[in-house]
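Each chain is listed here by its residues.
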Amino acid sequence: MKALNVAIVGATGAVGEELIKILQERRFPVGELRLLASRRSAGRRVKVGSDEIEVQAASADAFRGIDVAFFSAGGSVSKALAPEAVKAGAVVIDNTSAFRMDPSVPLVVPEVNPQAALKHQGIIANPNCSTIIMLVALNPLHQAARVRRVVVSTYQAVSGAGMKAMEELLQQVRDYAAGRQSEARVLPVAALDRHYPILFNVIPQVDVFDEAGYTREEWKMVRETHKIFGDSTIGITATTVRVPVLRSHAESIYIETERRLTVEEARSLLSEAPGVAVMDDPAQQLYPMPLDAAGRDEVFVGRIRPDLAVENGLNLWAVGDQIRKGAALNAIQIAEYLLSEGALG
Ligand code: NAP
Ligand code: 12T
């Protein structure tokens with residue numbers, strides 16, 4: 001197989017580091033690996049296997065000779081540089097929210113709608129982490145019984161908000177243990193003025209508030225699900241919440257389906273589904289938790305049970321490593337799919 005020249009924009013970040021790791025783990029056919037970040041990181045050397053690669057400042061002319069560029073440096077960097085990467089001949093797989101709702105940009109979860117990726121015009125968008133985790137779990141149920149209604153609440157890890165948020169929780173732990181006061185500077189949203197501690201706390205705000213009292217993260221779960229399932233008639237309502245967990249998002253998901261699904265049927269559909277691992281045995285206190293999912297590829301599903309008040313209602317609990325399946329792994333699976341279809345390089 002021909003080796004591909006790969007660029008990672010945001011290579012020094014939480015998602016960027018995971019992209020580097022997974023490209024090696026899965027033996028993605030990499031020729032040159034070009035690591036790009038902000039000017040602050042230019043010159044920094046990063047160990048990649050037995051090599052050391054010098055990080056370069058991302059710029060419009062950093063994409064010469066690149067076949068595939070993974071972007072995870074925030075929406076404004078993607079808006080500025082993804083079109084430049086495409087001009088240079090690269091296929092862009094973008095982890096930010098910059099292009100997800102653009103009708104000319106496919107929004108892809110490989111377990112759900114892989115073929116959509118083939119219609120790209122240079123850019124393919126990776127969905128939001130909470131959306132990916134939810135849809136890997138819901139797709140087998142949707143295909144079998146048509147999901148009509150979703151009520152979801154998330155329990156999101158601090159690493160979802162980047163390295164600085166993860167460092168903030170760890171610093172609050174150290175400060176607490178040392179009996180020191182600490183100051184919150186990052187969560188819930190770094191760019192806003194008001195910050196709250198996350199240690200011993202739960203913050204019902206992920207991303208900024210948008211229309212109708214919902215946050216952008218909540219809107220992403222609604223709109224991205226409609227786009228990926230190709231059905232905007234599904235009634236979805238979300239509450240996205242930050243919890244003091246380092247890694248892996250958890251979600252309490254309630255669905256109503258057109259056709260009635262028994263718990264046994266749902267469990268069997270989920271057991272067969274790609275990318276899903278059922279972890280569900282209340283008698284053994286077996287259910288997935290963030291510590292189980294961290295570093296793993298699967299979306300774990302447990303607590304599968306009927307709504308005892310509504311005929312076609314089911315409850316589930318899904319947990320997934322949002323830096324892997326919610327971001328880096330999903331992006332690399334998209335590139336692998338293009339490769340397998342002869343549509344890359
Ligand atoms: P992060 O840990 O804060 O890393 C941000 C990265 O972007 C760093 O490599 C940083 O480089 C780079 N960067 C910042 N400003 C830049 C600029 N002007 N030009 C070039 N590079 C720049 O953030 P992250 O968690 O990896 O997230 C990155 C993106 O992925 C965000 O858009 C986020 O919404 C999305 N995402 C994150 C997750 C997640 O679970 N963390 C999941 C899905 C999607 P320096 O080191 O030089 O500052
Ligand atoms: N604000 O990729 O703060 O749209 O956890 C992912 C995670 C945006 C995104 C977060 C965010 C995204 C967060």
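## Overview of the site of ligand 1
Turning to step 1, where the next piece is worked out: Ligand 1 sits among 26 residues. The nearest are Thr12, Val15, Ser38, Arg40 and Ser41.
Turning to step 2, where the next piece is worked out: Interatomic distance of 3.2 Å between a backbone N/O atom of glycine 10 and an oxygen atom of ligand 1.
Turning to step 3, where the next piece is worked out: Between ligand 1 and the protein, one listed contact pairs a nitrogen atom with a backbone N or O atom of glycine 160 at 3.5 Å.
Turning to step 4, where the next piece is worked out: Burial of ligand 1 by the protein chains amounts to 76% of its free accessible area of 890 Å².

## Considering the site of ligand 2
Turning to step 1, where the next piece is worked out: The immediate surroundings of ligand 2 are formed by 13 residues, with Arg100, Asn128, Gly160, Lys220 and Arg242 found nearest.
Turning to step 2, where the next piece is worked out: Between ligand 2 and asparagine 128 there is a distance of 3.4 Å, counted from an oxygen atom to a side-chain nitrogen or oxygen.
Turning to step 3, where the next piece is worked out: At 2.8 Å, a side-chain N or O of lysine 220 approaches an oxygen atom of ligand 2.
Turning to step 4, where the next piece is worked out: If ligand 2 stood free it would expose 320 Å²; the protein chains cover 81% of that surface.
Turning to step 5, where the next piece is worked out: Residues that form the shell around ligand 2 fall into these classes: three nonpolar, five polar and five charged.

## Thoughts on the pattern of salt bridges
Once the charged atoms of two side chains with opposite charge are near each other, the side chains can pair.
Turning to step 1, where the next piece is worked out: Within this structure, the stated rule accounts for 24 salt bridges.
Turning to step 2, where the next piece is worked out: When the shortest N-O distance is used, the salt bridge between aspartate 207 and lysine 220 registers 2.9 Å. Highlighted residues: aspartate 207 in the loop between helix H4 (163-177) and helix H5 (216-229) and lysine 220 in helix H5, separated in sequence by 13 residues.
Turning to step 3, where the next piece is worked out: Its relative accessible area of 23% is what places aspartate 207 among the partly exposed residues.
Turning to step 4, where the next piece is worked out: In this structure lysine 220 comes out as buried when scored by relative accessible area, which is 15%.
Turning to step 5, where the next piece is worked out: When salt bridges that share partners are traced, they join Glu18, Lys21, Glu25, Arg26, Arg247, Asp297, Asp321, Arg324 and Glu336 into one network.

## Some thoughts on the sheet that holds strand S10 (residues 235-239)
Turning to step 1, where the next piece is worked out: Strand order in the open sheet formed by six strands is S10-S9-S11-S14-S13-S12, with mixed pairing between adjacent strands. Each end of this open sheet is capped by a strand with a single partner; those strands are S10 and strand S12 (276-278). In this sheet, neighbouring strand axes are inclined to one another by 25 degrees on average, regardless of whether the strands run parallel or antiparallel.
Turning to step 2, where the next piece is worked out: Bridge count between S12 and strand S13 (residues 299-306): three bridges; the pairing is parallel. Paired with alanine 277 across the two strands is phenylalanine 300, which belongs to S13.
Turning to step 3, where the next piece is worked out: Along the sheet face, H5 touches strand S9 (147-155), S10 and strand S11 (249-257) and points at about 150 degrees away from the line of S10.

## As for H4
Turning to step 1, where the next piece is worked out: With 15 residues, H4 extends 21 Å between its outermost C-alpha atoms, agreeing within 8% with the 21 Å of an ideal straight helix rising 1.5 Å per residue.
Turning to step 2, where the next piece is worked out: Every buried residue belonging to H4 is among Ala165, Met166, Glu168, Leu169, Gln172 and Asp175, and all of these are buried.
Turning to step 3, where the next piece is worked out: A positive phi of about 70 degrees marks glycine 179, the residue just after H4.

## What about the side chain of histidine 226?
Turning to step 1, where the next piece is worked out: By the secondary structure assignment, histidine 226 is in helix H5.
Turning to step 2, where the next piece is worked out: Residue histidine 226 is classed as buried on the basis of its relative accessible area, which comes to 16%.
Turning to step 3, where the next piece is worked out: Setting aside its immediate chain neighbours within four residues, histidine 226 contacts Asp231, Ser232, Ile234 and Ile236.

## Topic: the layout of surface pockets
Turning to step 1, where the next piece is worked out: Of the voids in this model, the second largest pocket is the one considered here, and its volume is about 170 Å³.
Turning to step 2, where the next piece is worked out: Taken together, Leu23, Gln24, Phe28, Val30, Gly31, Leu33, Val48, Asp51 and Ile53 make up the full set of residues lining the second largest pocket.
Turning to step 3, where the next piece is worked out: Only helix H1 (14-25), strand S2 (30-37) and strand S4 (51-54) provide two or more residues apiece to the lining of the second largest pocket.
Turning to step 4, where the next piece is worked out: At three residues, S2 tops the list of elements feeding residues into the lining of the second largest pocket.
Turning to step 5, where the next piece is worked out: Its residues assigned to classes, the lining of the second largest pocket shows six nonpolar, two polar and one charged.

## Concerning the nonpolar core
Turning to step 1, where the next piece is worked out: With 54 residues, the main nonpolar core has Phe63, Phe71, Leu138, Val150 and Val301 as its most contacted residues.
Turning to step 2, where the next piece is worked out: Here this core gets nine residues from one element, more than from any other, and that element is helix H3 (residues 129-145).
Turning to step 3, where the next piece is worked out: Dropping the residues within four chain positions of it, leucine 138 is found in contact with Val150, Phe229, Ile253, Ile255 and Leu316.
Turning to step 4, where the next piece is worked out: Formed by 33 residues, the second largest nonpolar core is a distinct cluster that contains Leu35, Val108, Ala328 and Ile332.

## Here we look at the sheet that holds strand S6 (residues 68-71)
Turning to step 1, where the next piece is worked out: On the basis of which strands lie adjacent, the open sheet formed by six strands has the order S5-S2-S1-S6-S7-S8 and parallel pairing. Looking at which strands have only one partner, the edges of the open sheet turn out to be strand S5 (56-57) and strand S8 (123-125).
Turning to step 2, where the next piece is worked out: Taken together, the three bridges between strand S7 (residues 91-94) and S8 define a ladder with parallel strand orientation. When the sheet's bridge partners are listed, isoleucine 93 is paired in S8 with isoleucine 124.
Turning to step 3, where the next piece is worked out: Of the strands in this sheet, strand S1 (4-9), S6, S7 and S8 touch helix H2 (residues 75-87), which is tilted by about 175 degrees from S6.
Turning to step 4, where the next piece is worked out: Strands in contact with helix H8 (residues 324-340) are S1, S6, S7 and S8; relative to S7, the strand with the most contacts, it is inclined by about 150 degrees.

## Considering unusual backbone geometry
Turning to step 1, where the next piece is worked out: The step from leucine 187 to proline 188 runs through a cis peptide bond, and the omega angle for that step is 5 degrees.
Turning to step 2, where the next piece is worked out: On the secondary structure map, proline 188 appears in the loop between H4 and H5.
Turning to step 3, where the next piece is worked out: One non-glycine residue, serine 248, adopts positive backbone phi at about 95 degrees.
Turning to step 4, where the next piece is worked out: Structurally, the position occupied by serine 248 is in the loop between S10 and S11.
Turning to step 5, where the next piece is worked out: The backbone of glutamine 285 shows a phi angle near 55 degrees, a positive value even though the residue is not glycine.
Turning to step 6, where the next piece is worked out: Along the chain, the position of glutamine 285 falls in the loop between S12 and helix H7 (290-293).

Thresholds applied
Residues numbered from 1 in each chain as written. Chains lettered and ligands numbered in written order. Predicted model: local features only at pLDDT ≥ 70, side-chain atom pairs only at ≥ 80, totals over all residues. Heavy atoms only, no water. Near = heavy atom within 4 Å. Polar contact = N/O pair within 3.5 Å; in protein donor to acceptor, adjacent residues only side chain to side chain. Areas by Shrake-Rupley, 256 points an atom, 1.4 Å probe, with all protein chains shown as cover. Nonpolar A, V, L, I, M, F, W, Y, C, P; charged D, E, K, R; others polar. Salt bridge = Lys/Arg side-chain N within 4 Å of Asp/Glu carboxyl O. Helix = DSSP H or I, 4+ residues; strand = E, 2+ residues; numbered from the N terminus. Buried < 20%, exposed > 50% of the residue type's maximum accessible area, 1.4 Å probe, protein only. Pairing = 2+ DSSP bridges. Axes fitted to C-alpha atoms, helices over the stretch in contact; angles between N-to-C directions. Contact = heavy atoms within 4.5 Å. Expected span 1.5 Å × (residues − 1). 1 Å grid on protein atoms, 1.4 Å probe; cavity = no way out; pocket = protein on both sides within 12 Å on 5 of 7 lines; lining within 4 Å. Points joined across faces, edges and corners; volume = space filled by probe spheres on them. Core = buried A, V, L, I, M, F, W, Y, C linked by side-chain atoms within 4.5 Å.

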